[in-house]
Protein chains: 2
Amino acid sequence: MTEQLQAAAAFLRTHDCFDILTHDYPDGDTLGSGYALCLVLQQMGKQARVITTSVPNDYDFLQKDVLMQDFDTQTVVSVDIADEKLLGSNRAAYEGRIDLCIDHHMTNKVQAGLKLVDGRAAANCEILYKLFRLMDIQWTRAVANCLYTGVSTDTGCFRYSNTTAETLRIAADIMDIGCDTVFINKVMFETKTKKKLALEREIYNTIEYALDGKCAVIAATLDIQRRVGVGDGELEGLSSIPRQIEGVLIGITMREKTPGEFKVSVRTNGNVKASDFCARFGGGGHSAAAGCTVRGTLEEARAQLIAAAADFV
Amino acid sequence: MTEQLQAAAAFLRTHDCFDILTHDYPDGDTLGSGYALCLVLQQMGKQARVITTSVPNDYDFLQKDVLMQDFDTQTVVSVDIADEKLLGSNRAAYEGRIDLCIDHHMTNKVQAGLKLVDGRAAANCEILYKLFRLMDIQWTRAVANCLYTGVSTDTGCFRYSNTTAETLRIAADIMDIGCDTVFINKVMFETKTKKKLALEREIYNTIEYALDGKCAVIAATLDIQRRVGVGDGELEGLSSIPRQIEGVLIGITMREKTPGEFKVSVRTNGNVKASDFCARFGGGGHSAAAGCTVRGTLEEARAQLIAAAADFV
């Protein structure tokens, strides 16, 4: 790992004009990684920018110290991207062009000149923390905030099973640097809009149990999204709901994107491999958290998912 | 602090036949503290038992390695108890008899021969961790599980503003000792019974906003408790709900104990002091989390609380 870190550090030092790619449906870890790296490169006197498909409002604070720079791309780095398919609308422009891939997904399939991948890291920001330590960067609160956001959001604020003692020590070090944990935790884990509450109430009504209660499925249909007045970006937090229910081994969250197309998030307990489950539908991810897309009416799509789930519990 | 820790360590070494008192409506920190101390004393060849008013099912695992011992009490230790009033039904038997008080509430008022109180500790179990380190105890998974339960539950799994870098490092050390964090996090933070979901749906319907949305009040009336089929012990988690709503500075949770008597939990944001608010009603606690009791019909009790809240936002 040290060798990989050193190679990545050398790469960053000797290159310039960076496009930093984040994954589609961006979360705290890909954005935290992207903006932290961008801030560090800019501090080093380099040109850098973060390429995203969108930035949800809650994450706006991550980019407030980032300088807007205009340059011709020379170097492409991907952060927290397991597969170039996850580039979304940026796929056409960047596929096959990644020079350095920094990621923490075991299943990483990105083709890149140089790879810094550690599947044991709970968050990609843990890898960046180690990289920055090795590079002996000038630490700032802004960088600390980005890293803390990534580490905390990818571990459900240290609640998920991916959290290690090292995760907690890295978070402690980041707090010591100076980091707005109270603000970040509040925004990420402690704040619900009235809309969100209304959404949860609606979602609770859609819960379906299958396979003797070992599988639970919730669905944020377009109808519900319209009624509550929420967009797709506001549905991220839902996927933890079905897995939380006592006795559930496979928790499935269906988000209707367009009529008849569902983006599916799968969260598992026990030994059920979410990535194997989602691979059945052409998706992938981590062993306890993965995703895929399923087509059909709500009933058809749900039936397909439950039928597949039967092989896993 | 080191001196206080040394005095407490010496006290424990030179005494025997311990009754360890926990507070009423016991939570993970008082029970984790109690059972951890009991296990350590028993390992040292001493007699010890934990005195509780009840142990919620979820916490049963904490006592599975504790030996049942029968002896005449010689020494009384209180853990996580800020005030002898909080002994509940054990108050009559133990008030004025506490020899050693170990606590992390700034507002601690316990009269005791020896006090080990650190208001900066996020959880009482942090203090016990330091005490055990200093005593150089033989660490076991059972003790680690008790301490992790206390530290994690009192910080909302490291989410609340009381969490410090030291909290995270202590938790990391406890994980290194060997600790069932996955099981504990799952039980404490990731599991909801179907009943709990039904309860939340009901509670969401009781939300009342006041003072331009700066105050939110929810109420678990006896009627709701009956309809959902939950007892008072199953209402603990509700108090985080109103504070989570965007813009709320004072989140109030009313639990109807008997007709016309409400146990009130107050959680605050920003600079609002929950302990000052609850002091108005004869209660107390921490600056962001406190409690009191209010009497009247639901409407009367709620009106009293909102009227008081107006002075704090």
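What counts, and at which threshold
Residues numbered from 1 in each chain as written. Chains lettered and ligands numbered in written order. Predicted model: local features only at pLDDT ≥ 70, side-chain atom pairs only at ≥ 80, totals over all residues. Heavy atoms only, no water. Core = buried A, V, L, I, M, F, W, Y, C linked by side-chain atoms within 4.5 Å. Buried < 20%, exposed > 50% of the residue type's maximum accessible area, 1.4 Å probe, protein only. Contact = heavy atoms within 4.5 Å. Least-squares fit on C-alpha atoms with pLDDT ≥ 70 in both. Buried area = accessible area lost by both parts, 1.4 Å probe. Salt bridge = Lys/Arg side-chain N within 4 Å of Asp/Glu carboxyl O. Phe/Tyr/Trp six-rings, centres within 6.5 Å; stacked < 30°, edge-to-face > 60°. Helix = DSSP H or I, 4+ residues; strand = E, 2+ residues; numbered from the N terminus. Lys NZ or Arg CZ within 6 Å of the ring centre and 35° of its normal. Pairing = 2+ DSSP bridges. Polar contact = N/O pair within 3.5 Å; in protein donor to acceptor, adjacent residues only side chain to side chain.

**Q** Please explain the nonpolar core as it appears in this structure.
**A** Most often, soluble globular proteins keep nonpolar side chains buried together rather than apart. Core analysis: the biggest nonpolar cluster contains 114 residues, and A:I102, A:L131, A:F132, A:L147, B:I102, B:L131 and B:F132 have the highest contact counts within it. Once residues lying within four places of it in the same chain are set aside, the contact partners of B:I102 are B:L37, B:V77, B:S78, B:V79, B:D80, B:L116, B:N124, B:I127, B:L128 and B:L131. Listed in part, the 32 residues of the second largest apolar core include A:I207, B:I224, B:I241 and B:I245.

**Q** Mind showing me how you'd approach the relation of the copies chain B and chain A here?
**A** Between the two copies of the chain lies a rotation about an axis combined with a shift along it. With an RMSD of 0.1 Å, the operation that places chain B on chain A is a rotation of 180 degrees combined with a shift of 0.0 Å along the axis. The transformation just described matches what one would write down for a two-fold rotation axis.

**Q** So what exactly am I meant to see when it comes to the interface of chain B and chain A here?
**A** Opposite the 37 residues of chain B that make contact, chain A presents 37 residues. Taking both partners together, chain B and chain A bury about 3,600 Å²; carbon and sulfur atoms supply 56% of that area. Interface area lost by chain B to chain A is led by B:R159, B:E190 and B:Y204, which between them contribute 19%. On inspection of chain B and its partner chain A, the count reaches six salt bridges. Note that B:R169 and A:D173 form a salt bridge whose closest N and O atoms lie 2.8 Å from each other.

**Q** Would you mind showing me how to read the packing of aromatic side chains here?
**A** What describes a pair of aromatic rings is the distance from one ring centre to the other and the angle between the planes of the rings. For the coordinates displayed, the defined rule picks out 14 aromatic pairs over all chains. Ring centres 5.6 Å apart and planes at 35 degrees place the aromatic pair A:Y129 and A:W139 in the tilted group. On the criterion of sequence distance, the pair formed by A:Y129 in helix α4 (residues 124-135) and A:W139 in the loop between α4 and α5 (141-154) is long-range, its members being 10 residues apart. In this structure, A:Y129 and A:W139 share a single accessibility class: buried. Through successive ring pairs, a cluster of aromatic residues spans A:Y148, A:F158, B:Y148 and B:F158. Its guanidinium or amino end placed over the ring of A:Y25, A:K263 lies 4.2 Å from that ring's centre, counting from NZ or CZ. In this structure, B:K194 packs its charged tip against the face of A:Y209, placed 4.1 Å from the ring centre.

**Q** How do you make sense of the sheet that holds strand β6 (residues 208-210) of chain A when you look at a structure like this?
**A** Backbone-to-backbone hydrogen bonds join strands into a sheet, with any given pair of strands oriented parallel or antiparallel. Residues and elements named next belong to chain A. Spatially, β6-β7-β8-β9-β11-β10 is the arrangement adopted by the six strands of the open sheet, whose pairing is mixed. Unpaired on one side and paired on the other, β6 and β10 (284-285) mark the two borders of the sheet. Bridge analysis of strand β9 (residues 261-268) against strand β11 (residues 289-295) gives seven bridges, and the strand direction is antiparallel. Considered in β11, the bridge of E261 is made with R295.

**Q** Would you take a moment to explain the environment of B:T140 for this structure?
**A** Residue and element names in this part refer to chain B. As for its position among the elements, T140 is in the loop between α4 (124-135) and α5 (141-154). Its relative accessible area of 25% is what places T140 among the partly exposed residues. Between the alpha carbons of T140 and A36 there is a distance of 9.9 Å; along the sequence they are 104 residues apart. With residues up to four places along the chain from it excluded, the contact list for T140 reads Q43 and I177. Separated by 3.1 Å, the side chain of T140 and the backbone nitrogen of V143 make a polar contact.

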